[in-house]
Amino acid sequence: MAGQRLPGTSGRPGVARRERAALVGLIAGRARRLDADRSLDELAGLAQAAGGDIVLRVLQERPKPDPSTFLGAGKIQMLAASAAETDVDVVIFDNELTPAQLRQVEEKVGRKVVDRTQLILDIFARRARTREGKLQVELAQLKYLLPRLVGASTALSRLGGGIGTRGPGETKLETDRRRIRTRIHAVSEDIEHVRKRRAQSRERRHKASVPTVALVGYTNAGKTTLFNVLTRADAEASDALFVTLDPLIRPVRLPDSRELLVADTVGFIDRLPHALVAAFRATLEETVDADLALHIIDAAAPDRDRRMSAVRQVLEEVGAVNLPLLDVYNKCDALTFDERRRLQDQDPSALCVSALNGQGIDELVETMTSRLALDVQRVTLTFDPDSASDRDRIARVYRHARVALHETRDGQVSIVADVPRRLLGRLGHV
Ligand SMILES: Nc1nc2c(ncn2[C@@H]2O[C@H](COP(=O)(O)OP(=O)(O)OP(=O)(O)O)[C@@H](O)[C@H]2O)c(=O)[nH]1
Ligand SMILES: [Mg+2]
């Protein structure tokens, strides 16, 4: 990220040097090489987002990880030699290593070793901008750190800086477990306040009966680009991973003045660290409580199905089981004619859009409004003008519906209005 220095990676203070990274993956059990390869490609994207340049890729096939060194002895030796040859700064594993494995591998390879979880936490630490985002990342990092403090002396010596060492760890590592626990407690309390505040504003929105649509999906699927198209905003969208961390909520006004809110939020990824999901609950609740979620899918991703199931899994993990979900295939401009046809065959109701060139967006808005029952129905409502509660209801009709006729006859107020379907019950449909 612009302006962010990678501590300790440069001879000249204040100047960031990109680190030379080696990627290591395992093809375990019945896993396929192709899947492991794709997973390593994704790891490469993550490493780049954390400021690394990939200079080496290593894949090993073995039934299961070695309990002490993760890779087999021969492979570790080979890794050490290649890492020295290519002048690697950091070795990144595509899995989560146990604290013991981390230490063993580091000793044998003689380089800094970072696992997938640490890498993701590191990117989040770089991206966090708001106080809320920073608190959530800090909590996840502290929780990751706590069980790893057993070998504190080795852990402390790892503070060379760079990938995997950013964030609160740099100063907090010097404290003992008790102090980390105290900090976890304090950060959790702060996050709890944030959660309460968010819940209150959701409650207010609910009372004002403006429905919320949340964009969910794998990282880099195009959520922010679509958010900008829908809301005419200019939030940062980029090809890097995990660009968006803090939820953004903006109103969208449809041509006939109906209104809804759209929320953009953090992207998901396969094997999202559990500590991170837990820490980001306040943010994710924005999604869970939405009236409708659009699952934004990168239609052109080669491993589209795997990504879709990763998203569904995270949604399940955050308790979004009853959330109405609408699959939206984005980046359809990048599909060939045949690929598009295959997609429509596979899922006839699939919405194919392009946030980039606007294709399919009108149809998407239409589908959203009917799913939210925002489409209107013409009804005649009658009220007693002497009743205070009826006068409130009349005011509400004017706020939320389009009034076509208003007349008073025989002491009764009669209003003909176009009312959004979802409000029919509440406005007193007669
Ligand atoms: N070809 C094509 N590219 C797109 C489309 N929509 C988005 N992109 C590109 O995909 C990349 C990711 O877009 P973002 O909108 O940042 O994705 P995101 O889902 O918000 O990503 P995170 O916030 O990192 O999770 C950018 O380079 C966009 O320009 C599309 O419809 N077609
Ligand atoms: Mg985004």
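Because the structure is a prediction, the values reported are computed rather than measured.

## Notes on the overall build of the chain
- A count of helical and extended segments in the chain gives 16 helices and 13 strands.
- In the chain, which comprises 430 residues, the share counted as buried stands at 36%.
- Once local pairs closer than 6 in sequence are excluded, the contacts in the chain between residues at least 24 apart make up 68%.

## Focus: the sheet that holds strand E12 (residues 402-409)
- Pairing is antiparallel across the open sheet formed by three strands, whose spatial order is E11-E13-E12. Whereas interior strands pair on both sides, the edge strands pair on one side only; in this sheet they are strand E11 (376-383) and E12. For this sheet, the mean angle separating the axes of adjacent strands, direction not counted, is 15 degrees.
- Alignment of E12 against strand E13 (residues 412-420), held across seven bridges, turns out to be antiparallel. Each bridged residue has a counterpart across the sheet, and for Thr 408 the counterpart in E13 is Val 413.
- Sheet strands touched by helix H15 (residues 388-400): E11, E12 and E13. Its angle to E13, the strand with the most contacts, is close to 35 degrees.

## Description of the site of ligand 1
- As a matter of local geometry, ligand 1 sits amid 23 residues, with Gly 222, Thr 224, Ala 237, Thr 244 and Gly 267 nearest to it.
- Ranked by the residues each element gives to the shell around ligand 1, the list is headed by helix H9 (residues 223-231), at three residues.
- For the shell around ligand 1, a count of residues per class yields eight nonpolar, eleven polar and four charged.

## Some points on the sheet that holds strand E4 (residues 112-115)
- Spatially, the four strands line up as an open sheet ordered E2-E1-E3-E4, and their pairing is parallel. In this open sheet, the two edge strands, each paired with only one partner strand, are strand E2 (52-62) and E4. Between one strand axis and the next, the sheet turns by 25 degrees as a mean value, whatever way the strands run.
- In the packing of helix H4 (residues 116-127) onto the sheet, contacts are made with strand E3 (90-93) and E4, and the angle to E4 comes to roughly 85 degrees.

## Observations concerning helix H2 (residues 73-85)
- Relative to the 18 Å expected for 13 residues at 1.5 Å per residue, H2 spans 19 Å between its end C-alpha atoms, a close match to the ideal helical length.
- Following H2 by one or two positions, Asp 87 adopts a phi angle in the positive range, close to 60 degrees.

## Side note on unusual backbone geometry
- Here Asn 220, not a glycine, exhibits a phi torsion of approximately 75 degrees, which is positive.
- Among the secondary structure elements, Asn 220 is positioned in the loop between strand E5 (212-217) and H9.
- With 23 C-beta atoms counted inside 10 Å, the residue Asn 220 sits in the buried group.
- Of note in this structure, Arg 271 is not a glycine but carries a positive phi near 50 degrees.
- Following the sequence through the fold, Arg 271 ends up in the loop between strand E7 (259-264) and helix H10 (274-279).

Rules behind the numbers
Residues numbered from 1 in each chain as written. Chains lettered and ligands numbered in written order. Predicted model: local features only at pLDDT ≥ 70, side-chain atom pairs only at ≥ 80, totals over all residues. Helix = DSSP H or I, 4+ residues; strand = E, 2+ residues; numbered from the N terminus. Buried ≥ 20, exposed ≤ 12 C-beta atoms within 10 Å, placed from the backbone. Contact = placed C-beta atoms within 7 Å. Pairing = 2+ DSSP bridges. Axes fitted to C-alpha atoms, helices over the stretch in contact; angles between N-to-C directions. Near = placed C-beta within 6 Å. Nonpolar A, V, L, I, M, F, W, Y, C, P; charged D, E, K, R; others polar. Expected span 1.5 Å × (residues − 1).

Remember that the coordinates give geometry; whether it matters functionally is a separate question.
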